[in-house]
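# Observations on chain architecture
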Amino acid sequence: MERTPQMLSTGIARDDLDGVRTQIVDMWADAPGGWVFEWSRLARRYAENGQPSLAAVAFGWAKFPTLATPAMRMALENQLEQYLRAAPDFPVEFERRVLDLPHKGARTPVPVHILSMKGLAADAPVLVVTGGVDTWKMDMHGLFVALALMGVARVLTFDIAGTGETQVAMSADGGAEIAEGVVAAARAMGARKVAYFGVSMGGHFAARLGLSGLVDAAVDFGGPVGARPGGGRPTRFGMFDIVANALGYDHRPEPEELAAQMAGFSLRALLDQDLNGPMLVVNGADDVHVPQADTLVFEGRRDTSVHLIPDTGHCAATKSAEAFGIIQTWLRDVLAD
């Protein structure tokens, strides 16, 4: 299955993964054989064995890929409980805050997690990092720890609009407003630089803020930018329904309706401007979700480095070491200035 390498990379043992897989016969049933039920059973076993980090990972897979049912929402609550229990043993300092941010003329709470090396300077850069529509801040903990252990920036992570603990549906402008509010909060922390690293749909918002010149550096890792009209519509591996859920639908929209919504996420107007600071754009050449054009459109821009990694797919999942090596080297250089 498409997610197997990702599941193993989060620490789930192969035997445990195979065991869960043999038990699951239904994605939606909240009963033995159901996706949430079986993943939650594994999570509770980890918790009972004094392994809250693994319990948080397993509860994370239980609520995957959307919060479309009460059982999935409960799995997210359980994931947070186990994650916070594990926090004292993290190899970096950890803090959880809830920001009160503007959104479409109102306010909305946005929980953020901050990870950093002990003793980091008060004015150290802040690296804002976000995942995509189905992989959220607690699901990417290993990446965030690795970034924090670089020792060059505080890592601040949140769930993009329409996902996780963020309570508003995703929209082009509304999602960007949330991201901009988090960046403003990072600047208020006294950071001398603020960078934005977005993975998958998070990469869209990284590209948007980077192209707008609203951050000091931006990494777009596999983000859709709508380089060509009608390009990159979500269709494979359930992505149509996952994206629709993030956009706030409680039913399956018509393809034309979803396409009209996604057209609003095109960054074509920003791509035609010249406001960006340093940017890094990375993806796999064989991505079935995001077309190559959404990466290659950045070639030739000033202060922009582009890497389309061959023989791997979305977010270079099967070549993650190579991709993260490129990203970490670039971030270390751009944040150390």
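As a reminder, the structure under discussion sits directly above these lines.
Residues numbered from 1 in each chain as written. Predicted model: local features only at pLDDT ≥ 70, side-chain atom pairs only at ≥ 80, totals over all residues. Heavy atoms only, no water.

The next thing to look at is the packing of helix α9 (residues 239–246) against helix α10 (residues 255–263). Packed helices, taken two at a time, are described by the angle their axes make and the gap between the axes. Contact pair α9 / α10: the axes reach a minimum separation of 11 Å and the direction vectors enclose 60 degrees. The angle between the axes of α9 and α10 places the two elements in the oblique class. Pair α9 / α10 crosses with left-handed handedness. Of the residues in α10, those touching α9 at F240, V243 and A244 are P255, L258 and M262. Looking at the contact of α9 with α10 residue by residue, the class counts come to six nonpolar, no polar and no charged. (Axes fitted to C-alpha atoms, helices over the stretch in contact; angles between N-to-C directions. Helix = DSSP H or I, 4+ residues; strand = E, 2+ residues; numbered from the N terminus. Parallel < 35°, antiparallel > 145°, perpendicular 65-115°, else oblique. Left-handed = near helix turned anticlockwise from the far one by under 90°. Contact = heavy atoms within 4.5 Å. Nonpolar A, V, L, I, M, F, W, Y, C, P; charged D, E, K, R; others polar.)

Mapping T295 onto the fold places it in helix α12 (residues 293–296). Sequence-distant contacts of T295, that is, excluding residues within four places in its chain, are made with V281, N283, V306, H307 and L308.

A word on the packing of aromatic side chains. Each pair of aromatic rings is reported with the distance of its centres and the angle of its planes. According to the stated counting rule, one finds nine aromatic pairs in the structure shown. One aromatic cluster is present, built from ring pairs that chain together W35, W39, W61 and F64. When the ring centre of Y46 is taken as reference, the NZ or CZ atom of R45 above it lies at 5.7 Å. Above the face of the W136 ring, K63 is positioned so that its terminal group lies 4.2 Å from the ring centre. (Phe/Tyr/Trp six-rings, centres within 6.5 Å; stacked < 30°, edge-to-face > 60°. Lys NZ or Arg CZ within 6 Å of the ring centre and 35° of its normal.)

Right, let's get into the pattern of salt bridges. Tallied over the full model, the rule gives 16 salt bridges. Residue K137 pairs with D159 through a salt bridge whose shortest N-O separation is 2.8 Å. Of the two residues, K137 is situated in the loop between β3 (126–130) and α6 (141–148) and D159 in the loop between β4 (154–158) and α7 (172–188); the sequence distance between them amounts to 22 residues. (Salt bridge = Lys/Arg side-chain N within 4 Å of Asp/Glu carboxyl O.)

The subject of this paragraph is empty space enclosed by the protein. This structure, assessed with the given rule, holds one cavity of 30 Å³ or more. What the largest cavity holds in volume is close to 30 Å³. For the largest cavity, the full set of lining residues is K63, L76, Q79, W136, K137, M138, D139, D159 and G164. (1 Å grid on protein atoms, 1.4 Å probe; cavity = no way out; pocket = protein on both sides within 12 Å on 5 of 7 lines; lining within 4 Å. Points joined across faces, edges and corners; volume = space filled by probe spheres on them.)

In this section: unusual backbone geometry. Geometrically, the link from F64 to P65 is a cis peptide bond, its omega value of 0 degrees lying close to zero. You can see P65 is positioned in the loop between α4 (52–63) and α5 (70–86). Even without being glycine, S200 reaches a positive phi, approximately 60 degrees. If you check the backbone angles, A316 has positive phi at about 50 degrees while not being a glycine. Residue position: A316 is located in the loop between β8 (304–309) and α13 (320–336).

Before going further, it helps to spend a moment on the layout of surface pockets. For the largest pocket, the calculated volume is near 1,100 Å³. Around the largest pocket sit 44 residues that line it, and Q6, S9, T10, T135 and M140 are the ones nearest its centre. Secondary structure elements with two or more residues in the lining of the largest pocket: α1 (4–9), α4, α5, α6 and α13. Here the lining of the largest pocket takes seven residues from α4, the largest share from any one element. For the lining of the largest pocket, the class distribution of residues is 21 nonpolar, 16 polar and seven charged.

Our focus in this paragraph is the sheet that holds strand β7 (residues 279–284). One open sheet accounts for eight strands, arranged β1-β2-β4-β3-β5-β6-β7-β8; its pairing is mixed. Edge positions in the sheet fall to β1 (93–103) and β8, since each of these pairs with one other strand and no more. Sheet twist, expressed as the mean angle between neighbouring strand axes with direction ignored, is 20 degrees. The sheet contact formed by strand β6 (residues 217–221) and β7 spans four bridges and is parallel. Bridge pairing in β7 links A218 to M279. Across the sheet, α6 touches β2 (106–116), β3, β4 and β5 (194–199), and the angle it forms with β2 is around 60 degrees. Strand contacts of helix α8 (residues 201–211): β3, β5, β6 and β7, with the helix running at about 145 degrees to β5, the strand carrying the most contacts. (Pairing = 2+ DSSP bridges.)

Glancing now at α10. Every α-helix winds through 3.6 residues per turn, so residues three or four apart in the chain are directed the same way. Buried within α10 we find L258, A259 and M262. In a view along the axis of α10, the buried residues occupy a sector of 100 degrees, so they form one face of it. In α10, the exposed residues that point more than 90 degrees away from the buried face are E256, A260 and A263. On its buried face, α10 sits against α9. (Buried < 20%, exposed > 50% of the residue type's maximum accessible area, 1.4 Å probe, protein only. Arc of directions from axis to C-beta.)

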